[in-house]
Amino acid sequence: MITGDLKATYAADERVLNNSYKQAFVVAMAALCALMPLIANDYIILVASQMGIMLIAVVGVNVVIGYTGLLSLGHAAFMAIGAYSIPILHRLMDNAGLPDGVMPFIAIPGAIAISAIVGIIVGLPSLRVKGLYLAVATLSANFIIIFLIELEALAPWTGGLVGLNTPDANILGWQLDTQREMFALIAALAFLTILTVQNLFRTRVGRAFIAIRERDYSAEILGISLFRYKLMSFAISAACCGLAGALFAYFYARILPEQFELALSLQLVAALIVGGMGRTMGPVFGVMVIVMVPEVLKFTFGMVAGGAAEVAQLRAPVQEIIFGLLIIFFLMFEPLGINQLVDRGIRALNRWPFARG
Amino acid sequence: MLEVRDVHLSFGGIKALQGVGFAAKAGEITGVIGPNGAGKTSLFNAISGFYQPDRGQVLFDGADITGLSPDRRAELGIARTFQNIALFRGMTVLDNIKLGGHTRLRTGLWSALGYFGPARREELELRREIEEKVIDFLEIDHIRKYPITILPYGLQKRVELGRALAMQPRVLLLDEPVAGMNREETADMARFILDVQEQFGTTILLVEHDMHMVMDICSRIVVLNFGQQIASGTPAEVSGDPDVIEAYLGAAA
C-alpha cells in the first residue's frame, strides 16, 4: 500500500493520476512529445514515430489480451486493414472530387470503423473457444486477410504483392509531407488513444472486460453479456490497430502486405508482455523496449562489423532471438512486465529510508 | 416471487433433479438442504440459468424465465453467490463490488470513452451508494482497497455477498454462505443475511449444511435427496419428518 495516500472525497479517490509520480510522468512525456519536433534530429523523429504507431496498436492489443483475457495473434491484420483503407478511401474520394484537406477527416475514421467491423467478425470465435484455440483462430484470420490483400483479383485495389503507394495526410490545407509533421499527428493521437482507452476502465464497460478475463461465469451472473462485451472488446481493439495502420500508411510512402504478417502480430504481443498486460502504462514501456531493440542492434552491429556483409546479415536472426529471450524472461520472472518493476520501484522510493521493498 | 415447477435435469444417466417444485415467498428466507449430491447446486444452476432443465419451469414474479440466459436473469434481479467463491481475484474489493452494479448502470461505450460528463457522474454516484449501502453495511471498509487474493476466506465470502448486494437484487441465491467457517464467522454471516432480509426486504434462497443456522434463520425449508424433493415446510415440520431423518441418519435399525 502506498503511504500518505489520503483522500477526502470519492471523486479524489477515483482519479487516475492519484499521485505526484504519475502526474510528473505524464507532464514530462507530454512536454517531451511537444518539444521533440522542434529539437530532435531526423533519426530520433523516425524512431519516435515508429514507437507512436506501435504504441497505438499495442494499446489496442492490451484491451483484448490484457484486459479481456482473450489471446489474439491476429492483430497485424487489423493494422493492415487500417493501412490499406487509407489509399483506397483516398482513391474513392478523389473520384468523388473531394478536396484533399478534408480527406483525412473521413479516411481515418473510415479506417477505424472498417477495422472495428472486421474485428467483430474475427472476434466471433471467442464466443465459443478460449485460450490456445482462440489464438489459432485469430492467427488464421491474419493469414486469410493477408491472403485476400495479395489476391490477384483484388490487386487493382490493393496492389497485390507489390503493395500500394500511399498519399500524404493533408489537414485543412496543411500538407504533412515530412516525418516531423507526421510525428506531431502521431503523438497527439497516441495520447488521445491512451486517454480514451484508459477512461473505459474507469466505468462499467472496462470493468466488464476485466470481469470476463477473471472469471467468465461470474461475470454472467452479474448481468454481463459475454456476447456483447467480448465482441465490443475485439471491436475497440481492432479500432486502435486500425488507427495505427492508418497512421502507418500516412507515415510511409508505400505499404506492402508482408509488413503485416504474423511477425508483426507477435511483435505486438511481445511488446505487451514485456511492458505489462492489463495495465495502462504497460504498452508504453513495452513499445519503448521493442522498438529500441532493433535500433540498438543496428548501432552495435555497425560498430562491431563496420559494414561487413557476413556479419550484417546476422542481425535479423539475432533480433528474433532477443525478442524470444525477452518474452521468456518476462513470462518467467516478471509476468506483470516492466510496469510492475516500475511500480515496485516507486513503492520502495516512497518507503525509503524507513523500509526496503 | 421465485417459483420452481416440476424441474427435471439429467446429465447422461445421472438424474440430478427429478420433479423439484417449490415457491420462495417474497421477503422470506427459504432453505434448501440435503446430503451431498442431493442436487442443491444443480438446482441453483437451473435457477440462475447455467443449466437448462429438461422439463419444468422456473418462474420469477409469475413470468417464465426458463429460457433466459444468466445475464438476462441477473438484469431481472436475481443475484447469487457461489459455493467455492467466484470473486474476480485480480481486482480489489471495491472493484469487485462495483461490478455488482453493472446491470443498474447505463454508461455505454461512447460515454465511457469520454468519461467526463455522464459517465463520471454515474461512477461517483455508484461509489457513494456502494460505500453507504454495501461496504458500511458489511463492515468491510478497512479492506476496500485490498486485492481479493490476500483476504482470509471468511472475508472473501463476505465480499462475495457484497458484490451480490450491489446488484440490489430482488432474489438472492446463497450457495453455502458459511461453508468452512468457524462459529464466530458463521454467526456474523447469519447476522448479515438476516439484516439483508430485514433492511432490503430481499427474498433469499439458501443452500447450507450448517443445520443450526438453517433451522434458526429460514422460515421455510425444502429437503432434497438424490434429486428428489422429499419434504418441505417450516423448520419444525421438516426436522420431524421421518423421510428427512432417514436421509440424514439412515433408516432406523
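Whatever comes next refers back to the structure up there.
Residues numbered from 1 in each chain as written. Chains lettered and ligands numbered in written order. Predicted model: local features only at pLDDT ≥ 70, side-chain atom pairs only at ≥ 80, totals over all residues.

(A) Quick look at the nonpolar core. Residue and element names in this part refer to chain A. Residues Ala 57 and Ala 80 are the most contacted members of the largest nonpolar core, which totals 166 residues. The leading source of residues in this core is helix H11 (residues 226-251), at 17 residues. If we skip the residues at most four places from it in the chain, Ala 57 touches His 75, Met 79, Cys 240, Cys 241, Ala 244 and Leu 268. (Core = buried A, V, L, I, M, F, W, Y, C linked by C-beta atoms within 7 Å. Buried ≥ 20, exposed ≤ 12 C-beta atoms within 10 Å, placed from the backbone. Helix = DSSP H or I, 4+ residues; strand = E, 2+ residues; numbered from the N terminus. Contact = placed C-beta atoms within 7 Å.)

(B) Seen up close, the interface of chain B and chain A. Facing the 31 residues of chain B at the interface are 26 residues of chain A. Elements supplying a minimum of two residues to the side of chain B that touches chain A: helix H2 (70-76), helix H3 (93-100), helix H4 (109-114) and helix H5 (118-135) of chain B. Of the residues forming the side of chain B that touches chain A, the biggest block, 5 residues, is contributed by H5 of chain B. Tallied by class, the residues present in the side of chain B that touches chain A amount to 15 nonpolar, 7 polar and 9 charged. (Nonpolar A, V, L, I, M, F, W, Y, C, P; charged D, E, K, R; others polar.)

(C) The sheet that holds strand S9 (residues 220-225) of chain B, seen in detail. Residue and element names in this part refer to chain B. Ordered by their spatial adjacency, 6 strands build an open sheet running S6-S7-S8-S3-S9-S10, and the pairing between neighbours is mixed. Both edges of this open sheet fall to strand S6 (78-81) and strand S10 (228-233), since each of them pairs with a single strand only. On average, adjacent strands in this sheet sit at an angle of 15° to one another, irrespective of strand direction. Relative to S9, strand S3 (residues 29-33) runs parallel, the two being bridged by 4 bridges. Within the sheet, the bridge partner assigned to Gly 31 lies in S9 and is Ile 221. Running over the sheet, helix H10 (residues 242-249) touches S9 and S10 and is turned about 125° from S10. (Pairing = 2+ DSSP bridges. Axes fitted to C-alpha atoms, helices over the stretch in contact; angles between N-to-C directions.)

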